[in-house]
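Single-letter residue listing:
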Amino acid sequence: MIRAVFLDIDDTLLSFSGYVKQAMKSGFAKFHLKPYSDDMFPVFERINDGLWRSLERGEITLAQLRAVRWSRIFKALGISFDGPAFEQYFRDQLFSSAIPEPGAMDLLSYLAGRYDLYAASNGPYLQQRNRLKTGGMDGYFDDIFISERMGVQKPQPGFFDACFASIRRDRIPDLEPAECMLIGDSLTSDIAGGKQYGMKTCLYQPRKKDFQNGIEPDYTVRKLEEVKGIL
């Protein structure tokens, strides 16, 4: 029996992809770079995803990711501009971005009345908390777990150790991983991390991606509303 549900934030509850496209379009115009076009987003996605996988494996720090991300993206796009300066703009804009994924608010309302509900996200603590607040989502959660505050990233076991220690202390003393489901968009972070810790997992993947890496979620949904048929 599932007693608690963990939800990722970026591209699960809040559209990070939608924000990126918006920020690239406005930022390129602001700094007088060549106009944004839709074929630029896959370049961002490839480089950003690769850096986040390195972060998840403990090969780089969040500060190192921020230092090189836009320099690498601009190089790949053939744009000559200050990468760290654009990174600052990108992060400043992201702080208050709250574009909901389709069906996210309805799903939160459905789950909150039935399960203990927890956000579980990699990223900067204040940014992720503010985005949930801006989006009107923070009040649905019994607790919010963000990697920067916890000192360890998903999918590392230490991230989940810290989550369960807090929940068992403050909410459900006897909660076991097998009684929990983790819903997220990342195979390498959410699904791999949840499975290795003994949790049930649900992959939210509105568009099919080729990268699988042998990781199999317990469930896959194309729309968040489909979670209601599982929980």
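Quick note: structure is the one above.
In this report, the structure presented in the accompanying data block is examined. Just so you know, these numbers come straight off a predicted model, no measurement behind them. (Residues numbered from 1 in each chain as written. Predicted model: local features only at pLDDT ≥ 70, side-chain atom pairs only at ≥ 80, totals over all residues. Heavy atoms only, no water.)

Notes on the overall build of the protein chain
Keep this limit in mind: A run of H or I in DSSP counts as a helix once it spans at least four residues, and a run of E counts as a strand once it spans at least two, with each numbered from the N terminus. Here the radius of gyration uses the C-alpha set of atoms, whereas the globule reference equals 2.2 Å times the residue count to the power 0.38. For every residue, the accessible area (1.4 Å probe, protein chains only) is compared with the maximum for its type, and the residue is labelled buried under 20%, exposed over 50%, or partly exposed between those bounds. Here, two residues are considered to be in contact whenever any of their heavy atoms come within 4.5 Å of each other. Note that accessible areas follow from Shrake-Rupley with a 1.4 Å probe, and for residues the cover is restricted to the protein chains shown. For the charge count, each Lys or Arg is scored as positive and each Asp or Glu as negative, with His and the chain ends excluded. The atom standing in for a charge is NZ when the residue is Lys, CZ when it is Arg, CG when it is Asp and CD when it is Glu.
Secondary structure summary: the protein chain contains nine helices and six strands in total. Its C-alpha atoms give the protein chain a radius of gyration of 18 Å, near enough to 17 Å, the size a compact globule of 231 residues would have. For the protein chain, buried positions account for 51% of its 231 residues. When contacts within the protein chain are restricted to residue pairs at least 6 apart in sequence, those whose partners lie at least 24 apart make up 64%. Summed over its atoms, the accessible surface of the protein chain is roughly 10700 Å², and 48% of this surface lies on carbon and sulfur atoms. For the protein chain, the distance from the average site of its 30 positive side-chain charges to the average site of its 31 negative ones is 4 Å.

Digging into the sheet that holds strand S5 (residues 200–204)
To keep it simple, the criterion reads: Pairing between strands is defined by DSSP: at least two bridges between them are needed. Axes here refer to lines fitted to C-alpha atoms; in helices the fit is confined to the stretch in contact. Angles between the N-to-C directions go from 0 to 180 degrees.
The six strands are arranged S3-S2-S1-S4-S5-S6 in an open sheet whose pairing can be described as parallel. The open sheet has two edge strands, strand S3 (143–146) and strand S6 (219–221), and neither has a second partner. Put simply, the sheet's adjacent strands are angled 20 degrees from each other on average, direction ignored. Pairing analysis gives four bridges linking strand S4 (residues 180–184) to S5, with the strands arranged parallel. Bridge pairing in S5 links isoleucine 183 to cysteine 202.

Overview of the packing of aromatic side chains
Our working rule: Between the rings of Phe, Tyr and Trp (Trp by its six-membered ring), a pair exists once the centres lie within 6.5 Å; its type follows the angle of the planes, with under 30 degrees stacked, over 60 edge-to-face, and the other angles tilted. Lysine and arginine charges are scored as sitting over a ring when NZ or CZ, respectively, is within 6 Å of the ring centre and within 35 degrees of the ring normal.
All told, the structure shown has 24 aromatic pairs when counted by the stated rule. When the centroid spacing of 6.0 Å and the interplanar angle of 45 degrees are considered together, the rings of phenylalanine 28 and phenylalanine 74 count as tilted. Of this pair, phenylalanine 28 sits in helix H1 (residues 16–30) while phenylalanine 74 sits in helix H3 (residues 62–77), placing them 46 residues apart in sequence. When its relative accessible area of 0% is taken as the criterion, phenylalanine 28 is described as buried. The ring centre of phenylalanine 41 lies 4.7 Å from the NZ or CZ of lysine 21, which sits over that ring. Above the ring of phenylalanine 31, the side-chain terminus of lysine 30 is found at 5.6 Å from the ring centroid.

Structural notes on the packing of helix H2 (residues 41–56) against H3
Where we set the bar: When describing relative orientation, an angle under 35 degrees is termed roughly parallel and one over 145 degrees roughly antiparallel, while 65 to 115 degrees is termed roughly perpendicular and anything else oblique. Handedness of a crossing is defined here by the sense of rotation of the near helix relative to the far one, left-handed for an anticlockwise turn of less than a right angle and right-handed for a clockwise turn. Residue polarity is assigned by list, with Asp, Glu, Lys and Arg as charged and Ala, Val, Leu, Ile, Met, Phe, Trp, Tyr, Cys and Pro as nonpolar; anything else, Gly included, falls into the polar class.
At a minimum axis separation of 10 Å, H2 and H3 run at an interaxial angle of 155 degrees. Here H2 lies roughly antiparallel to H3, going by the angle between them. Every pair of crossing elements has a handedness; the one defined by H2 and H3 is right-handed. On the side of H2, the interface is formed by Val43, Phe44, Arg46, Ile47, Asn48, Leu51, Trp52 and Leu55, while H3 contributes Leu62, Leu65, Val68, Arg69, Trp70, Arg72, Ile73, Ala76 and Leu77. Across the contact of H2 with H3, the residue classes break down as 13 nonpolar, one polar and three charged.

Remarks on the pairing of S4
Selection criterion: When the strands point away from the viewer, a crossover counts as right-handed if the route from the first strand across the helix to the second turns clockwise.
Taking burial as the measure, the five residues of S4 include five buried ones, the bulk of the element. In this sheet, S4 lies alongside strand S1 (residues 4–7) in parallel orientation, the contact comprising four bridges. Bridging from a neighbouring strand, leucine 7 pairs with isoleucine 183 of S4. For the crossover that starts at S4, traverses helix H9 (residues 187–196) and ends in the parallel S5, the hand is right-handed.

Here we look at the pairing of strand S2 (residues 116–121)
With six of six residues buried, S2 is to be regarded as a mostly interior element. Both faces of S2 are covered, namely the face carrying Asp116, Tyr118 and Ala120 and the face carrying Leu117, Ala119 and Ser121. In this sheet, S3 lies alongside S2 in parallel orientation, the contact comprising four bridges. Paired with alanine 120 across the bridge in S3 is phenylalanine 145. Read as a crossover between parallel neighbours, the route from S2 over helix H6 (residues 125–134) to S3 is right-handed.

Here's the deal with the side chain of glutamine 127
Within the secondary structure layout, glutamine 127 lies in helix H6. For glutamine 127, a relative accessible area of 9% gives the class buried. Those residues in contact with glutamine 127 that lie beyond four places of it in its chain are Arg91, Leu94 and Phe95.

A closer look at the state of the cysteines
Cut-off, in case you're wondering: The criterion for a disulfide is a pair of cysteine sulfur atoms lying within 2.5 Å.
Counting across every chain of the model gives zero disulfides. For the unlinked cysteine cysteine 163, the closest cysteine sulfur is that of cysteine 180, found at 9.7 Å. Between cysteine 202, a cysteine without a disulfide, and cysteine 180, which holds the nearest cysteine sulfur, the sulfur-to-sulfur distance is 14 Å. The exposure class of cysteine 202 is buried, given its relative accessible area of 0%.

Purely geometric numbers; function is a separate question.
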